[in-house]
Amino acid sequence: MSVLVAAEHRRGALRDVSYEAITAGRELADARGADLHVAVIGGDVDGFAEDLNRDGVDAIHTVADGEEFDHNAYQAALSQLADGIDAGAVVLPNSVNGLDYAPALAEALGVPIVTDAVGMAYDDGLTVTREMYGSKVETTVDVAGDRFVLTVRGGEWPPAEGVGDAAIESVDVDVPESGARVTGFEEVGGGDVDIADADVLVSVGRGIEEEENIELIEDLADALGATLSASRPIVDNGWLPKNRQVGQSGKVVTPDVYIAVGISGAVQHVAGMKGSDTIVAINTDPNAPIFDIADYGIVGDLFDVVPELIDEFA
Amino acid sequence: MKVLVTVKEVAEADDDFAIEGTDIAESDLEYDLNEWDDYAVEAAVQLAEAGIADEVVTVTVGRERTEETIRMALAKGADRAVRVWDEALDGAFADVASKVDLFEAVVAEEEPDLVLGGVQAADTGFGATGVALAERIGFEHAAVVNDLDVDADAGVAHVHRELEGGVEELTEVDLPAVLTVQTGLNEPRYASLRGIRQAQRKEIAAKDLSDLGLTADDVESSLTITSMYEPESESDAEMIEGDAGESADRLAEVLREKGVSA
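Reading the values: the criteria
- Residues numbered from 1 in each chain as written.
- Chains lettered and ligands numbered in written order.
- Predicted model: local features only at pLDDT ≥ 70, side-chain atom pairs only at ≥ 80, totals over all residues.
- Heavy atoms only, no water.
- Helix = DSSP H or I, 4+ residues; strand = E, 2+ residues; numbered from the N terminus.
- Domains from an automatic or database assignment.
- Phe/Tyr/Trp six-rings, centres within 6.5 Å; stacked < 30°, edge-to-face > 60°.
- Buried < 20%, exposed > 50% of the residue type's maximum accessible area, 1.4 Å probe, protein only.
- Lys NZ or Arg CZ within 6 Å of the ring centre and 35° of its normal.
- Pairing = 2+ DSSP bridges.
- Axes fitted to C-alpha atoms, helices over the stretch in contact; angles between N-to-C directions.
- Contact = heavy atoms within 4.5 Å.
- Buried area = accessible area lost by both parts, 1.4 Å probe.
- Salt bridge = Lys/Arg side-chain N within 4 Å of Asp/Glu carboxyl O.
- Polar contact = N/O pair within 3.5 Å; in protein donor to acceptor, adjacent residues only side chain to side chain.

Q: Help me get a handle on unusual backbone geometry, residues and values and all.
A: Of note, the bond from Leu-175 of chain B into Pro-176 of chain B is cis; its omega dihedral lies within 30 degrees of zero at 0°. Relative to the elements of secondary structure, Pro-176 of chain B occurs in the loop between β11 (167–174) and β12 (177–181). With phi around 50°, Asp-86 of chain A is a residue other than glycine that occupies positive phi space. A positive phi is found at Glu-209 of chain A, a non-glycine position, where the angle reads about 70°. When you line up the elements, Glu-209 of chain A lands in the loop between β14 (200–204) and α5 (214–224).

Right, dumping it as structure tokens:
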């Protein structure tokens, strides 16, 4: 049985999680004494195949079908490939697009799926490490049988490196007509300010409780000469515009100083700001994951601390 | 058209919690309607208010206790509810295929044109059931939808899918379809007092496995949680101590060192 990894690309470029999934796939292939196959579907498949030919990849299958992601084509191609190479283990990115086809593929293959893996071990069978309860705990999950689909969280495995000597072959896939058609893309979050340009960001999260309290954080940003940004719930609530959102689905920021106020530090948020030079966190929950990546932390009520901090700079 | 909304009562851990065996202690958990599902319910109710949906039915997998949470969805405007539970489901960590077995049977009874559900459940965070269900029942699908416009006459849902990095994919999906709904799609309403009163009279149909033509073997899970633990803190943060004034003072000193000034 071999291991099959699918690469992910968007608008002409491979996404990093493709190389990370190759590392996870190689780990599994080693544990199972199997070959590692990589599939790349749509877009510039020949150019992508060259980039994906990293150390440890035994074979690359290119499927020329359209330019962009189409879950129908991905599922058809991976079903056919998985059958053809007897792929017992399929490793896919736990991305928005990954979650648009991985569960359907597992269902079509009749195998269990485990999503959002942050670690794994393979002995007699697969044991996946994943989070639960909003990152408050980790669990180990045993998977029955030796066939499965696994999706891996971005940033948890190092990217595959080097140059491999994979056999590259083109595969014809019969893609059935789809009832879901991509008609275009839209950039969101443009507007008056680009938070990615700021040297100092004051970022507000759910701990602010009410819309009218946002003003307090605006005052802090003014006092510090900083730009105001936010975590997802604030933008979902319509309290600040989308262009202020830091995180996986918003902007990735790397300011000199990032001050997280009332932000717990969900993984999607951290993905957008962990590259900041200095991270300060103010939060009431001492176990909040934001403190794991902070350089300075205050466990306290933002409604007590922030006014005092504004006074310091007034 | 008829809209079926999958809803789940999820557990949230208190700030301080204990782990007993392979789960958090019951006394340290608070239960609520899954945040993502709240947006799915709102989307369905808005379709009913726009005259596009004739009926909104919620379906949940959960023990009797979850009826309180389900009534919240009814109070917001869903017409009736189906609750699936069976002793065979007790204590197991249901895998995606088992949940799909249950929902498939309910879909066969209800024959919806559109199935809405949250992208993921806040507690288990799998994010897989909706798309797997679509495959099983032969519906089209789109995952992580943050904009929805249903054209019932044309039998198409125009959606945006929220990709990473501030990019949205515009997609048209033929009905019948399963859509998984992202937070921010709409503004979920609060239940009105009148809605809460009306919800008391709305039907919650309880079904067990035999009602759905299933057996315990059908829902045997391929997944087992073998351990649960608090991840070791990787924090090397300097924790600033003291009352609000003292900690603000020290933080101001740090920020000035880093060159922060108005």
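Once the structure has been displayed, the description carries forward.
Q: Hey, could you go over the domain arrangement of chain A for me, with residue numbers and the actual values?
A: In many analyses, interface size is given as the accessible surface area lost on bringing the parts together. Each domain of chain A was delimited in the assignment, giving domain 1 (2–170) and domain 2 (195–313). Taking only C-alpha atoms, the centre of domain 1 of chain A and the centre of domain 2 of chain A are 34 Å apart.

Q: How would you sum up the packing of aromatic side chains? Please name residues and give values.
A: One pass over the full model with this rule turns up 4 aromatic pairs over all chains. When the centroid spacing of 5.8 Å and the interplanar angle of 45° are considered together, the rings of Phe-69 of chain A and Tyr-101 of chain A count as tilted. Within this pair, whereas Phe-69 of chain A is found in the loop between β5 (59–63) and α3 (71–84), its partner Tyr-101 of chain A is found in helix α4 (residues 98–109), the two being separated by 32 residues in sequence. Judged by its relative accessible area of 6%, Phe-69 of chain A is buried. With centroids separated by 5.2 Å and ring planes inclined at 55°, the aromatic side chains of Tyr-74 of chain A and Tyr-101 of chain A adopt a geometry described as tilted. You can see Tyr-74 of chain A sitting in helix α3 and its partner Tyr-101 of chain A sitting in helix α4, a full 27 residues away along the chain. Comparing Tyr-74 of chain A with Tyr-101 of chain A, the two get one shared label, buried. Three or more aromatic residues joined by ring pairs make a cluster, and in this case those are Phe-69, Tyr-74 and Tyr-101 of chain A. Sitting above the plane of the Phe-313 of chain A ring, Arg-256 of chain B keeps its charged end 4.4 Å from the centroid.

Q: So what's going on with the sheet that holds strand β8 (residues 114–118) of chain B? Which residues, and what values?
A: Taken together, the 10 strands give an open sheet; going across it, the order is β13(A)-β11(B)-β10(B)-β9(B)-β12(B)-β8(B)-β1(B)-β6(B)-β7(B)-β13(B), and neighbouring strands pair in mixed fashion. Strand pairing shows two members of the sheet lacking a second neighbour, β13 (180–187) of chain A together with β13 (204–207) of chain B, which therefore form its edges. Across this sheet, the average inter-strand angle for adjacent strands is 30°, counted without regard to direction.

Q: Could you give me a rundown of the interface of chain A and chain B, with the residues and numbers involved?
A: Taken residue by residue, the interface counts 79 residues in chain A and 82 residues in chain B. Of the roughly 7,100 Å² buried between chain A and chain B on both sides combined, carbon and sulfur atoms contribute 53%. The tally of links between chain A and chain B comes to 10 salt bridges. Of the charged contacts in the structure, one is a salt bridge between Glu-172 of chain B and Arg-181 of chain A, with a shortest N-O distance of 3.0 Å. Summed over the shared surface of chain A and chain B, the result is 41 residue pairs in polar contact (both at pLDDT 80 or more). Of the strand pairs in this sheet, strand β18 (residues 296–299) of chain A and strand β15 (residues 238–239) of chain B are connected by 2 bridges, and their pairing is parallel. By the bridge assignment, Tyr-296 of chain A is partnered in β15 of chain B with Glu-238 of chain B.

Q: Kindly report on the pairing of β11 of chain B, identifying the contributing residues and their values.
A: Every other side chain in a regular strand lies on the same face of the sheet, so the side chains alternate between the two faces. Extensive coverage of β11 of chain B is indicated by the burial of 6 of its 8 residues. In terms of strand pairing, β13 of chain A meets β11 of chain B through 7 bridges, oriented antiparallel. Looking at β11 of chain B, one finds that Phe-185 of chain A is bridged to Glu-169 of chain B. With 7 bridges connecting them, strand β10 (residues 156–162) of chain B and β11 of chain B associate as antiparallel partners. When the sheet's bridge partners are listed, Ala-157 of chain B is paired in β11 of chain B with Val-173 of chain B. The turn linking β10 of chain B back onto β11 of chain B is made up of 4 residues, and Gly-165 of chain B within it adopts a positive phi angle of 75°.

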